[in-house]
Amino acid sequence: MAIIDVIKYDGSPDVFAWKYPNHELGTWTQLIVNESQEAILYKGGQALDRFTAGRHTLTTANIPILNHIVNLPFGGDSPFTAEVWYVNKLHSLNVKWGTRSPLQLQDPKYQLFVKVRSFGQFGIQIDDACKFLGKLVGTLPVFNQETLTEYFRGVLMMNIHELISSYFVHRKISILEINAYISDISKHIQERVAPAFEEYGIRLLNFYVDSVNTPEDDPATIRLREALAKRAEMDIIGFTYQQERTFDTLGQVAKNEGGIQSDLMGAGIGLSMGYGVGGAIGGAVSRLADKLQVEAYDKVCSKCHRKNQQDAAFCTGCGTSLAASDAPGQPDEVKCQACGERMPRHTKFCPNCGDPYNPCPQCGADNQPDRTHCAECGQAMPVPCRHCGEAVPDKVKFCPHCGGETALTCSQCNLEVQPGQKFCVECGNKLT
């Protein structure tokens, strides 16, 4: 029978529990326990005593319980059978974890199904060695970090998947923004899984989520990132996706020499209806039309100054009647009613003071915006449509922009009344 003089363990720090392989121990055996270690002596499945850091001699004086279990003749010098377990109580802060397969979730912000995965690390310490050995280690000869991670993977993944999913659903954030909430997620996961570790005598020191991301080759994530990059580029340049498509369409039209005139005008009318009269796209179409067909569009609208075909009756940009643009006797320059300086008739604002040009449809004189009749010739000025607000020539029954009825009538006698009139001249009824 071999007599063991010294028992100690100087193995890897990632081993949490190690059993001394020889069960026959002499009563004068020296048990050496290093700092951050604790040794447990077992006999017949029962923990007899625990030893902290230092040198210990295994005798009946040091192990009183052993004297009642083992019959030691010959003055207590005989060997006995027992198990010695070393438990590493060092702070282990680099226990790795990660999801084996991505979690399928719907991005609540962009409504795309994406695959989400996460990884990180946590720190533990064996707090109760007897509980740890009795409930978790059992008869295993060695218990290390890999074994512990496998044992607790189910508890970790259940809580990690639940918390990440709840952040997506309740916070309404995208997968591309989830890393901004990693600190909160880590804290919540630690609070949820700490009791599960304590049940086995393990204290959870910290828990960190290093990253929550998607696989690089995930098609949904690739499309989402490309779309966001495109939107950021458009925001920097200063136009929208619809406008970019419009510019591409105009470029295709410009290359088609056979149908430039008809196709371009059709595109201009459609865009003006979609984006509003005088909008950015209407202006872009107008400028492009001027460059391509200058000689074909020489009738200028007195309202929006868009060039139209010579035989056009209404402006293709704003719908204003072009009869006023052909009125004879209108000068090339008019006097600004605000500053008195001369300015070109085909302009929108005075180049000297910036006041808007409000032309008379008959003589072209500049008038104040609130005037109902021209200050020069007395001609009735265009009035705003009560439906869409666009300026409509006098005596026009229906708005050329929205098609709404422009004439105002008294609700009592049905007589036509003028804009701004408060009482009916026929019956005296108050107008609303």
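Remember, predicted model here, so these are calculated numbers, not experimental data.

## Comments concerning the pairing of strand S9 (residues 83–88)
For S9, a buried count of 5 out of 6 residues is recorded, marking the element as mostly surrounded by other parts of the structure. Sheet topology note: the strand S5 (residues 37–43)/S9 ladder contains 6 bridges and is antiparallel. By the bridge assignment, Ile40 is partnered in S9 with Trp85.

## Some points on the sheet that holds strand S6 (residues 46–51)
Reading across from one edge, S6-S5-S9-S2-S13 is the order of the 5 strands in this open sheet, with antiparallel pairing throughout. What marks the edges here is a single partner per strand, and that holds for S6 and strand S13 (142–144). Taken pair by pair, the neighbouring strands of this sheet meet at an average axis angle of 15°, ignoring direction. When strand S2 (residues 15–19) meets S13, the two strands line up antiparallel, connected through 3 bridges. Bridge pairing in S13 places Val15 opposite Asn144.

## Here we look at the environment of Tyr9
Within the secondary structure, Tyr9 sits in the loop between strand S1 (6–7) and S2. In this structure Tyr9 comes out as buried when scored by relative accessible area, which is 14%. Sequence-distant contacts of Tyr9, that is, excluding residues within four places in its chain, are made with Val15, Trp18, Asn34, Gln37 and Tyr86.

## A few points about the nonpolar core
Within soluble globular proteins, side chains that are nonpolar generally end up buried alongside one another. Counting residues in hydrophobic clusters, the biggest one holds 46 residues, and the most contacted among them are Phe122, Phe132, Leu148 and Phe197. Element by element, the count of residues in this core is highest for helix H3 (residues 145–171), at 9 residues. The residues touching Phe132, leaving out its near neighbours within four places in the chain, are Phe16, Ala17, Val87, Ile126, Val137, Phe143, Tyr200 and Ile202. In terms of nonpolar packing, the next biggest core, distinct from the first, is built from 16 residues, Tyr9, Val15, Leu25 and Val33 among them.

## Some remarks on the sheet that holds S1
Backbone-to-backbone hydrogen bonds pair the strands of a sheet. The strands run either parallel or antiparallel. Spatial strand order, S1-S4-S7: 3 strands in an open sheet with mixed pairing. In this open sheet, the two strands that pair with only one neighbour each are S1 and strand S7 (54–58). Where S1 meets strand S4 (residues 29–33), 2 bridges bridge the pair, whose relative direction is parallel. Across the sheet, Ile7 pairs through a bridge with Leu31, a residue of S4.

## A look at helix H4 (residues 182–198)
Here H4 spans 24 Å end to end across 17 residues, near enough to the 24 Å set by a 1.5 Å rise per residue. For H4, the principal kink sits at Arg192 and spans about 30°; a proline, Pro195, occurs within the next four residues. If you check which residues of H4 are buried, you get Ile182, Ile185, Ser186, Ile189, Val193, Ala194 and Phe197. Looking at the buried side of H4, the elements it contacts are strand S12 (113–126), H3 and strand S14 (202–213).

## A word on the confidence of the model for the protein
Overall, the prediction assigns the protein a mean pLDDT of 74, with 71% of residues at 70 or greater. Residue range residues 67–78 is modelled with pLDDT below 50. Its contacts to residues more than four positions away, or to other chains, number 15 contacts. For residues 267–279, every residue scores under 50 in pLDDT, and the model assigns this stretch 18 contacts once sequence neighbours within four places are set aside.

## Section: unusual backbone geometry
Notably, Ser36 is not glycine yet its phi reads approximately 70°, a positive angle. Tracing the sequence through the fold places Ser36 in the loop between S4 and S5.

## Considerations on helix H2 (residues 129–137)
Along H2, the residues that are buried comprise Ala129, Phe132, Leu133, Leu136 and Val137. All buried residues of H2 project into a common sector of 110° when viewed along the axis, lining one side. Looking at H2, the residues exposed on the side facing more than 90 degrees away from the buried face are Gly134 and Lys135. A distance of 3.3 Å separates the backbone nitrogen of Cys130 from a side-chain oxygen at the start of H2, and that oxygen is part of Asp128. Following H2 by one or two positions, Gly138 adopts a phi angle in the positive range, close to 65°.

## Quick word on the packing of aromatic side chains
In the structure shown here, the tally under the stated rule is 11 aromatic pairs. Seen from their ring centres, Trp97 and Phe207 are 5.4 Å apart, and the 20° between their planes marks the pair as stacked. Of this pair, Trp97 sits in strand S10 (residues 92–98) while Phe207 sits in strand S14, and the two are 110 residues apart along the sequence. Exposure remark for Phe207: the relative accessible area of 2% places this residue in the buried category. Their ring planes at 85° and their centres at 5.8 Å tell us that Phe152 and Tyr200 sit as a pair that is edge-to-face. Linking Phe152 in helix H3 with Tyr200 in the loop between H4 and S14, this pair joins segments that are 48 residues apart in sequence. By relative accessible area, Phe152 is classed as buried at 3%. Pairwise contacts between aromatic rings join Trp97, Phe122, Phe152, Phe197, Tyr200 and Phe207 into one cluster.

Scoring rules and cut-offs
Residues numbered from 1 in each chain as written. Predicted model: local features only at pLDDT ≥ 70, side-chain atom pairs only at ≥ 80, totals over all residues. Heavy atoms only, no water. Buried < 20%, exposed > 50% of the residue type's maximum accessible area, 1.4 Å probe, protein only. Helix = DSSP H or I, 4+ residues; strand = E, 2+ residues; numbered from the N terminus. Pairing = 2+ DSSP bridges. Axes fitted to C-alpha atoms, helices over the stretch in contact; angles between N-to-C directions. Contact = heavy atoms within 4.5 Å. Core = buried A, V, L, I, M, F, W, Y, C linked by side-chain atoms within 4.5 Å. Expected span 1.5 Å × (residues − 1). Bend = angle between axes of the 7 residues up to and from the residue. pLDDT = per-residue confidence, 0-100. Arc of directions from axis to C-beta. Polar contact = N/O pair within 3.5 Å; in protein donor to acceptor, adjacent residues only side chain to side chain. Phe/Tyr/Trp six-rings, centres within 6.5 Å; stacked < 30°, edge-to-face > 60°.

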